[in-house]
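Notes for the structure review
Listed below, chain by chain, are the residues.
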Amino acid sequence: MVAIKNVLLTTQITALEVKLDYVFLGEGQYIHIQNLKSGTRLATHEVFEAAVVHGIEIRPVEGEESSSWLVVVWGQKSLAVLLYELPRKQINAVIEERRFEDWIIDAVLEGDLAHIVLATAHNSLIRYKLQYPRDLREQSYQDTCLGCEENHQTQEVTNKNLFRGETKSHADFNATKTDTNSSPGTTELLTWKNTRWKPDRCVVEKIDCTENCILYCGHIVLMAGKWESAILLAGTVFSQVLIWGPWCPIDSKGRVTPIHRLSGHEGVLFSINFSVAQSLITTTSDDRSLRIWSIVPKYPLSSQGDMNSSLQCYNKEQQYWLDAEVTEKYICFGHGARVWQSLILSSCVVSVGEDSKVCVWDQQGKLMSWWKAHDGSCVWKVAASEDEGRLVTGGGDGSVKTWSLNITDSPKPEPILNGPWCYKEKGKTISKVADASQLTASEKGEEQKSEMLKSGELIEDVGFEETQICAKNSSNQPPKANDFPRCVAMVGGNKFLVVMDSGCLFQWHSGKATWMLVREDPRMRSYVIMDTSLDQNKIAVGMLCGVVLIFRISKGEWEMFSEATLCQGKVFSLLWLGTNRILACGPEGDISTWSLLEAQGSMVKESNHTLPPCKQRWVSAACVTHPTVSGCSELICGDRAGSLHLYREKNPKPRQSLRSIHGKNGVTSLVNHEGLIYSSGRDGCVRQFRLTQEGMQVLTVTRVSNVTWVARIMFLQGQPMALCFHDVSLKLWNFDEDRAVVEVECGGGHRSWALHTSRQDNELVFFFLKDGTPYIFRTTLADKLMPLIKNPVNTRETMCLQTLFHSKGKTFFVTGGEDTTLRIHSVQGLESHKPLCVVRSHISNIRALCRIEWEGVTDAAGSDKSTWLVSGGGRAQMKLWKVTPNGISQRGPSGTDIELHGENENSENDKSREEMPNVSCREVTSHMIRTGTNKTWKSQELTFDPETRYMDATAFWITDQLAVIVLASSDGVLRVFGFSRCTEKVTLLCSRACDHCLLKVVRVPIQTRHILASAGTDGRVVFWDVKAIVNWLCTPDVAVDNPPPLLELHQLASIHSHQSGVNSLSIKYCHQPTDRESHKSNLNLTTGGDDNKLSVWDVMVDTSEEGFTKITSKFLCSAIGHSSQITGLEWVSSKQLVSTSVDQRVIVWELCRTQLVQRQTEMSVVNLEGATSAYLRPICSVYTGVPDVKGLTLIPLSETSSNRNDSETDFLQRIFVYGVGLQVYDLDTSVGKL
């Protein structure tokens, strides 16, 4: 016996509802319940066997304060009713899956919870009685029916105990077991013929419309909660909305005639929404528009008093619709693709669509705000919290995100007018009031003085020797042309510092609305630079003469901390390296680091360094690394030439320099975070480094989309963010969501600016100069960094998946797909999925992923626990990566980084921590097909052929330093590359042209020879010998980058296994060879193709003769168990294999061998030869929720097993099925074994 258990499913979100602080979402055949504020999963349940959840309705059992909710779930032709108990956080099935003869497009419970009204795809309405069981025992239909209105009140009292009865748990559906001892003819696969609809006596009434057309959407309205007043807003394929109900006029055939017909759309309708409070209907369509319809009833439902009192009579509701006038009010165009759904709120209308946009409209059809929600993936569903403060979206990438709806108070930069430059002239004060005594003696009085201070009409001039209060000029007086703000800085979120061209340093306190003169120094005239310390308590001011002033806040007031000459000439840059450590850069690239002594109020030089010569020779960014084992830390500096330099503590010259790594315009920031170094530059890229004994090692390079240059890297609540400039705007970019969460028009990045973020105060403050005027921009952070309820896998189709390693119960794997990104994930236990890393480097889609395998169990090339990975895809681009686990980092429950303090750490805090595996991915090298001569790079040209792409890849080490990489291409060429770890370069060694597109390439798993097997669209499997290439690479002192022209692949044999393309190929030992017969290898080969057929072959590889390899093959059997092309298969053992197909089924097969010459069974096993002594028997089948399945990957879960899956004792396997989403199963083949 075998057992398959679901571990993880993440695919398109097709249903979404919010109730209180709970989010109900439909994903595949499952329904999940998650916390709205934290995103924690509370419960999950497999609702359907082979249907997708399309809609959810939630009703409390006993009033709004009830602790039990009735959850109605429908999808395709299936309907189920669940019960969710809030205290126990359990969801159970009250009514199991019911199947109907037509698709269900909407479902609404009646007010008494006894019936449900269904709308079907052929424009019909069905009234269905709900039959609730008291317990698991069978009950008669009459005892359990709640539809009789005469005993309705009695039944409501009984319902309290009905819902508490024991029901079937969702855990019982997670495992599917089949007896392997049964004959092949008695095994029942999951097919649609077993799920046919049967007449259901619970169908009380069915009403058809005269317009018997296909509906793409529909919305049932039950304002009175009764079938007699039901109304259906039906969206047809003819771009119309039909409004009708079971009470409307009927024709001679008993069909209902629509009472309203709404026309205007120019495409198929996808959603209809209705709001009785606002008398609005919204529709979305294929024509990329949202349309708002106004309902003007002749007899309103409630002209005064409580509306619920008028809703008790369904006659009024019928009259409401009969006499209403429905007109098209607004046509809203804001989407660039199809619009899937709309949502009517009290203050706005929200629409989502295929273009990943969320558009917010006012009720007059004006676009108020929009944003990209799911990184380019379409947004299928949208819902709002009950207070309408949060918006929840579900995307095609499988993620569920929350957004703030606080868009009415969009912040804008506010200028600081009438500053001190309005009355200062070259250091001389022009004041109407000489001092405070004259002001208090005036007729305005003390009370008016206080009001002027609060409103900013007074300027408090505080120097170190004298204090005076001056009145500001009127608002219509322009600033003096001979003085203007030159440099700005910020301390905290309220203290804004401005240095004037005249040498005056002022502070504007936004809380007190007062100006204060901090310092007036002629040395600060014409040039000054400022930087704020990390503790937000000190500022450093550098001048032309090389003097640096340090000010600090003491008891709320500024005081001079220190004054020293740090440079012999102009101070080009001044950067804080810590709370009491500062770096200064002077002329000729002279760098000095200084330590501040708090007690003495002085500075002590620590070290001197020198920048290598460049055009603009000064430091633009710097950071200090963590201390090494010896206790020494190192200094990393970035200069204006875009280079990075690494310095030891006492060495003036850099021990490593990465020249122009950020282009020629300069490095903008350096950040040390969790042991990794992040750098940003004006080339628009962010690079991640790891510090090794050799120096800085580049791990990843990420280009920020649609920005000119990146100004700073920061981490807010554990999320990496980038402060970017693009044209005249500043953007705060979220890497995880790949979008700008804040955007403000500031004039561009070539100006003085400062930024402050505070999680405690929940604010982001941006202070900048524009047109000679300081501006302050404030916004909140909480609504910009809303919690992620569910993580995505890929934003588009997942085309390939490769497992990396399995450690401590966690499986690490990497995916690639149509979104051109590599994403590293981990999965552990039920629904425990965490995305670890996203790498954006490929210029086109990724179609191939493979590890560089080692022949033995221990990978000598990966002795540092690293995995070497090869990726390939569109534009014939291949990249090589090194993935290294970096241990575990501690993060708090909100995702913020937590520092570990050893013995002083509180044990209570440890309970709230979450261990996050840290994996680094380094791009080692890249290769693209080039044309031209090999003499100089100028003579070479990149071949951007969109028709040439790598379809599959395999790679293996031949020594601890050299590897062979083989790529199958769409142009029918099998390309072989050589990779050297010493030079970290790949070289094309040889290529072999074939007649058809190549789809698969694998390495034949034998120890004595290096043999490849390729498959293509011609249905053939071809075996290739790479002995000549391997022998040349094993030559001592071989030059990999200069291969001889005679290297080639030698064809050994071929098998014609399918009539058309071979989409999947797997090879495994039939039995391990003994030492005596090590020259002979008996293999099982299986293929799956476009003809829906699964073929199995016996392959014998004979290497007994020196230098000669002989391959013979024998056809065993084939089977047709899938209804569509087979896209993935793997051998579980020598007798079992697993396959998957576009028909969304995963089948486990057993290869049965018999001595019978002829065997007749009822199974769909095709016996092509009468003497065949084997057949395939399906022993287990499950339905996967992943649409458009692209492939399947298998990995053993034993800690001692290799990822190659060669052990016959690995009874527990993990299956990855990928396509439009991902599903992970645990396959246990040891069930029933002794």
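Residues numbered from 1 in each chain as written. Predicted model: local features only at pLDDT ≥ 70, side-chain atom pairs only at ≥ 80, totals over all residues. Heavy atoms only, no water.

**A word on the overall build of the chain**
The helix and strand inventory of the chain stands at eight helices and 92 strands. Considering the chain as a whole, with its 1234 residues, one finds that 58% of them fall into the buried category. Long-range contacts, defined here as pairs at least 24 residues apart, represent 54% of the contacts in the chain between residues at least 6 apart. For the chain, the accessible surface area stands at approximately 52,200 Å², while carbon and sulfur atoms represent 46% of it. (Helix = DSSP H or I, 4+ residues; strand = E, 2+ residues; numbered from the N terminus. Buried < 20%, exposed > 50% of the residue type's maximum accessible area, 1.4 Å probe, protein only. Contact = heavy atoms within 4.5 Å. Areas by Shrake-Rupley, 256 points an atom, 1.4 Å probe, with all protein chains shown as cover.)

**Describing the sheet that holds strand β3 (residues 22-27)**
Pairing in this open sheet of four strands is antiparallel, and the strands run β2-β3-β4-β5 from one edge to the other. In the strand order of this sheet, the two ends are held by β2 (13-19) and β5 (41-46), each with one partner. The sheet shows a mean angle of 15 degrees between the axes of neighbouring strands, taken without regard to direction. Bridge count for β3 against strand β4 (residues 30-35) is six bridges, and the pairing is antiparallel. (Pairing = 2+ DSSP bridges. Axes fitted to C-alpha atoms, helices over the stretch in contact; angles between N-to-C directions.)

**Observations concerning unusual backbone geometry**
Even without a glycine there, the phi angle at serine 239 is positive, about 65 degrees. With respect to the element layout, serine 239 can be found in the loop between β16 (231-236) and β17 (240-244). Given the relative accessible area of 12%, serine 239 is considered buried. A positive phi is found at serine 660, a non-glycine position, where the angle reads about 50 degrees. Relative to the helices and strands, serine 660 is located in the loop between β50 (656-658) and β51 (667-673).

**Quick word on the pattern of salt bridges**
Tallied over the entire structure, the rule returns 42 salt bridges. Measuring nitrogen to oxygen at the nearest pair gives 2.9 Å for the salt bridge that ties glutamate 328 to arginine 291. In this pair, glutamate 328 is assigned in strand β22 (residues 325-333) and arginine 291 in strand β21 (residues 289-296), connecting sequence segments 37 residues apart. Residue classification places glutamate 328 among the partly exposed positions, given a relative accessible area of 33%. Relative accessible area serves as the criterion here: at 5%, arginine 291 is assigned to the buried category. Sharing partners across several salt bridges, the network here consists of Asp535, Lys538, Arg552, Glu559 and Glu598. (Salt bridge = Lys/Arg side-chain N within 4 Å of Asp/Glu carboxyl O.)

**Considering the nonpolar core**
Core analysis: the biggest nonpolar cluster contains 39 residues, and Leu233, Trp244, Phe274, Ile281 and Trp321 have the highest contact counts within it. Those elements that place two or more of their residues in this core are β10 (104-109), β11 (115-120), β15 (215-221), β16, β17, β19 (269-275), β21 and α4 (314-322). Ignoring anything within four residues of it in the chain, the contact list for phenylalanine 274 reads His219, Val221, Met223, Leu233, Leu280, Ile281, Ile295, Tyr320, Trp321 and Ile344. Formed by 23 residues, the second largest nonpolar core is a distinct cluster that contains Val1001, Leu1012, Val1030 and Trp1032. (Core = buried A, V, L, I, M, F, W, Y, C linked by side-chain atoms within 4.5 Å.)

**Observations regarding the pairing of strand β91 (residues 1212-1219)**
Walk down a regular strand and you will see the side chains alternate between the two sheet faces. With seven of eight residues buried, β91 lies mostly within the body of the structure. Here strand β90 (residues 1191-1196) runs beside β91; their pairing, made up of six bridges, is antiparallel. Residue pairing across strands places leucine 1194 opposite isoleucine 1215, the latter belonging to β91. Pairing between β91 and strand β92 (residues 1221-1228): eight bridges, direction antiparallel. For arginine 1214, the partnering residue across the bridge sits in β92 and is aspartate 1226. Hairpin connection between β91 and β92: a loop of one residue separates the two successive antiparallel strands.

**Side note on the environment of arginine 922**
Note on placement: arginine 922 falls in strand β70 (residues 914-928). Each C-alpha atom, one on arginine 922 and one on valine 698, is 6.4 Å from the other, the two residues being 224 residues apart in sequence. In contact with arginine 922, not counting residues within four places along its chain, are Gln697, Val698, Leu699, Leu880, Trp881, Lys882 and Glu984. In terms of polar contacts, arginine 922 uses its side chain to reach the side chain of glutamate 984, at 2.9 Å. (Polar contact = N/O pair within 3.5 Å; in protein donor to acceptor, adjacent residues only side chain to side chain.)

**What to know about the sheet that holds strand β86 (residues 1136-1141)**
The strand order across the open sheet built from four strands is β85-β86-β87-β89, with neighbouring strands paired in antiparallel fashion. Of all the strands in the sheet, just β85 (1126-1131) and β89 (1174-1183) have a single pairing partner and so form its edges. Taken pair by pair, the neighbouring strands of this sheet meet at an average axis angle of 25 degrees, ignoring direction. Across nine bridges, the pairing between strand β87 (residues 1145-1153) and β89 is antiparallel. Within β89, the position partnered with valine 1148 by the bridge is cysteine 1180.

**Considerations on the side chain of arginine 127**
Tracing the backbone through its elements, the reader meets arginine 127 in strand β12 (residues 124-129). When its relative accessible area of 10% is taken as the criterion, arginine 127 is described as buried.

**As for the packing of aromatic side chains**
To describe a pair of aromatic rings, you give the distance between the ring centres and the angle between the ring planes. Applying the stated criterion to the full structure yields 28 aromatic pairs. Seen from their ring centres, tryptophan 340 and tryptophan 380 are 4.7 Å apart, and the 25 degrees between their planes marks the pair as stacked. Here the residue tryptophan 340 occupies a position in strand β23 (residues 339-344), and tryptophan 380 occupies one in strand β27 (residues 379-384), the gap between them amounting to 40 residues. What makes tryptophan 380 partly exposed here is its relative accessible area of 25%. Seen in terms of ring centroids, phenylalanine 805 and phenylalanine 812 are 4.8 Å apart; in terms of plane orientation they differ by 45 degrees. Their pairing is tilted. Residue class for phenylalanine 805 comes out buried when judged on its relative accessible area of 14%. With a relative accessible area of 6%, phenylalanine 812 lands in the buried category. (Phe/Tyr/Trp six-rings, centres within 6.5 Å; stacked < 30°, edge-to-face > 60°.)

**Focus: the side chain of serine 866**
For serine 866, the position within the fold is in the loop between β67 (846-853) and β68 (867-873). A distance of 2.8 Å separates a polar atom in the side chain of serine 866 from a polar atom in the side chain of threonine 884. With residues up to four places along the chain from it excluded, the contact list for serine 866 reads Lys882, Val883 and Thr884.

**Points about the pairing of strand β56 (residues 719-726)**
Burial analysis of β56 places six of its eight residues in the buried class, the great majority of the element. Bridge analysis of strand β55 (residues 709-716) against β56 gives seven bridges, and the strand direction is antiparallel. Bridge pairing in β56 places valine 710 opposite cysteine 724. Counting the residues in the hairpin turn of β55 and β56 gives two residues, including glutamine 717, whose phi is positive at 55 degrees.

**As for the state of the cysteines**
Inspection of the entire model under this criterion finds zero disulfides. In this structure cysteine 837 is a free cysteine whose sulfur lies 5.5 Å from that of cysteine 921, the closest cysteine sulfur available. Relative accessible area serves as the criterion here: at 13%, cysteine 837 is assigned to the buried category. (Disulfide = S-S within 2.5 Å.)

**Digging into the environment of valine 382**
Within the secondary structure, valine 382 sits in strand β27. Not counting residues within four places of it along the chain, the set of residues in contact with valine 382 comprises Leu16, Gln341, Leu343, Val350, Val352, Leu391, Val392 and Thr393.

**Quick look at the confidence of the model for the chain**
Detail in the predicted coordinates should be disregarded across regions flagged by low pLDDT. Mean pLDDT for the chain: 80, with 79% of residues reaching 70 or above. Across residues 888-916 the pLDDT falls below 50, and counting only partners more than four positions away or on other chains, this stretch makes 44 contacts in the model. Note that pLDDT drops below 50 for residues 1157-1164; the model gives that stretch 14 contacts with residues more than four away or on any other chain. (pLDDT = per-residue confidence, 0-100.)

**Remarks on the environment of valine 1132**
Note that valine 1132 resides in the loop between β85 and β86. Spatially, the C-alpha atom of valine 1132 lies 7.7 Å from that of glutamine 1213, the residues being 81 residues apart in sequence.

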